[in-house]
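Breakdown of the fold
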Amino acid sequence: MELITLAHGSGGKSSHQLIEGLFYKYFRNDILEQRNDASVLPEILGRIAVSTDSFVIHPVFFPGGDIGKLSVYGTVNDLAMSGAKPLYITAAFIIEEGFPLKDLEKIVASMSEAAKAAEVKIIAGDTKVVEAGSADQIYINTTGIGILPKDMNIGGQNAKGGDKILVSGTLGDHGTAIMALRKGFEFVTDLESDCGLLSGMIQEILQAGADIKVLRDPTRGGLAATLNEISQQSKVGMLLEEGAIPVKQAVRSLCEILGLDPLYIANEGKLLVIAAEEDAERVLAVMKNHPLGKDAAMIGTVMDSPKGQVYLKTEIGGTRILHMPAGELLPRIC
């Protein structure tokens, strides 16, 4: 089995063979073919959206995806949350000596497929190899570039009292799939990451002409962390209806076993929308009509006060505070 060696990161013959035989094989496009120290882009007219991220997930292959697919979709999704049209991605790899070359090719091929699905070009990159034991298999850093329409104003500071809170589907799928894999819970057979591309759904929502205040993907910290961030940005309160929040039974079951709350578990293919009350039903219909939104639901309301607090009305009629998580429930989830 051929393995990555320090020579693959040396800038010499092995590096050249890796770049030509693997990265250019899957990522080739007109901009990358410039083959210079910096890629020169066509002129972009309009406001530019930029997002950068690093992916260190363990394990690198998981039910529903891998680190390559996750790195592209995660970056594209972050750009789309601002209302931007994603255009370009850069990708830098830090690879541990001894990593199987065939696994690297699977990851690169997955990134290529994801980029095509997202209609973005991978336009620059870098590869570094570190000694065995200095990393854990492979890390990927990405930067995404998109273009923002002139009058687009979507952000966590825009929520107002009366706005409605919607999610595009079941929560906690990604985090519980990774937990089940790490802990060897083979008996939980129907857990799969929701790693998915959200830019298409977002474009359909924006084209519907609704008054969209906030778009977010509730990744690390899950729904609870994301809504706490928005409530603090907008200086509003929020009230969620527990019975309206979609969660798969397998996710509930595993969370009960581990003593966790699915509202704090990471997602990688779910969309959180805060929309004006009069447009909420229209947004929900658009989401449900999309393949990734069949389980979409309206789950709560924004309140003028108490500011910076998120409340959950339970199915038995009580109310509890959804606090900001104090720490990371599961490290290296993305």
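Residues numbered from 1 in each chain as written. Predicted model: local features only at pLDDT ≥ 70, side-chain atom pairs only at ≥ 80, totals over all residues. Heavy atoms only, no water.

Glancing now at the domain arrangement of the protein chain. One frequent convention defines the size of an interface as the accessible area lost when the parts assemble. Domain annotation of the protein chain identifies domain 1 (6–148) and domain 2 (164–321). With centres defined by C-alpha atoms, the gap from domain 1 to domain 2 works out at 28 Å. Listed as interface residues are 19 residues of domain 1 and, on the opposing side, 20 residues of domain 2. In this assembly, domain 1 packs against domain 2 so that about 1600 Å² is buried in total across both faces, 68% of it on carbon and sulfur atoms. If you sort the residues of domain 1 by the area they bury against domain 2, Pro63, Asn77 and Met81 come out on top, with a joint share of 35%. On the surface where domain 1 and domain 2 come into contact, there are 0 salt bridges. (Domains from an automatic or database assignment. Contact = heavy atoms within 4.5 Å. Buried area = accessible area lost by both parts, 1.4 Å probe. Salt bridge = Lys/Arg side-chain N within 4 Å of Asp/Glu carboxyl O.)

Glancing now at the sheet that holds strand E8 (residues 212–216). The mixed open sheet is built from 7 strands, whose spatial order is E8-E10-E7-E11-E9-E12-E13. Only two strands of the sheet have a single partner each, and these edge strands are E8 and strand E13 (319–321). Ignoring which end each strand starts from, the neighbouring axes of this sheet average 25 degrees apart. Strand direction decides the pairing type here: strand E7 (residues 164–167) and strand E10 (residues 272–275), joined by 4 bridges, are antiparallel. What sits directly across from isoleucine 165, in E10, is isoleucine 274. (Pairing = 2+ DSSP bridges. Helix = DSSP H or I, 4+ residues; strand = E, 2+ residues; numbered from the N terminus. Axes fitted to C-alpha atoms, helices over the stretch in contact; angles between N-to-C directions.)

In this model, histidine 58 is joined to proline 59 through a cis peptide bond whose omega is 0 degrees. Omega for the peptide link from serine 305 to proline 306 comes to -5 degrees, which places this bond in the cis form. Mapped onto the fold, proline 306 is located in the loop between strand E11 (297–303) and strand E12 (310–313). Of note, arginine 332 is a non-glycine position whose phi angle comes to about 55 degrees, a positive value. Within the secondary structure layout, arginine 332 lies in the segment after E13.

Turning our eyes to something else, we now look at the side chain of aspartate 163. Turning to its location among the elements, aspartate 163 is positioned in the loop between strand E6 (138–148) and E7. For aspartate 163, the side chain forms a polar contact with the main-chain nitrogen of lysine 160, separated by 2.8 Å. Apart from residues no more than four positions distant in its own chain, aspartate 163 is found in contact with Asn158, Lys213, Ile274, Ala275, Ala276, Glu277, Gly300, Thr301 and Val302. (Polar contact = N/O pair within 3.5 Å; in protein donor to acceptor, adjacent residues only side chain to side chain.)

We now examine the nonpolar core. Core analysis: the biggest nonpolar cluster contains 75 residues, and Phe93, Leu104, Ile138, Leu223 and Leu240 have the highest contact counts within it. Sorting elements by how many residues they give to this core places helix H3 (residues 101–118) first, with 8 residues. If sequence neighbours within four positions are ignored, leucine 104 has contacts with Ile4, Leu18, Leu22, Phe23, Ile95, Phe99 and Ile138. (Core = buried A, V, L, I, M, F, W, Y, C linked by side-chain atoms within 4.5 Å. Buried < 20%, exposed > 50% of the residue type's maximum accessible area, 1.4 Å probe, protein only.)

Once that is clear, we can look at the sheet that holds strand E4 (residues 85–96). Taking strand neighbours across the sheet as the criterion, the 4 strands line up as E1-E6-E4-E5 in an open arrangement whose pairing is mixed. Because the sheet does not close on itself, it has two edges, and the strands there are strand E1 (47–55) and strand E5 (121–130). Each strand axis lies, on average, 15 degrees off the axis of its neighbour in the sheet, ignoring direction.

In the numbering used here, UniProt assigns the feature "domain: PurM-like N-terminal" (unreviewed entry) to residues 37–147. The span residues 37–147 shows a helical share of 29% and a strand share of 41%, and its end C-alpha atoms are spaced 24 Å apart. (UniProt positions renumbered as here; feature names shortened; annotations may be inferred.)

On to the packing of aromatic side chains. In the structure shown here, the tally under the stated rule is 2 aromatic pairs. Considering the side-chain rings of phenylalanine 23 and phenylalanine 27, the 6.1 Å spacing of their centres and the 35 degrees angle between planes classify their relative orientation as tilted. In this pair, phenylalanine 23 and phenylalanine 27 both sit in helix H1 (residues 13–27), 4 residues apart, roughly one turn of the helix. For phenylalanine 23, a relative accessible area of 7% puts it in the buried group. Taking 4.9 Å as the distance between ring centres and 40 degrees as the angle between the ring planes, the aromatic pair formed by phenylalanine 23 and phenylalanine 93 counts as tilted. Residue phenylalanine 23 is found in helix H1, and its partner phenylalanine 93 is found in strand E4; the two are separated by 70 residues along the sequence. Taken individually, phenylalanine 23 and phenylalanine 93 each receive the classification buried, so the pair is uniform in this respect. (Phe/Tyr/Trp six-rings, centres within 6.5 Å; stacked < 30°, edge-to-face > 60°.)

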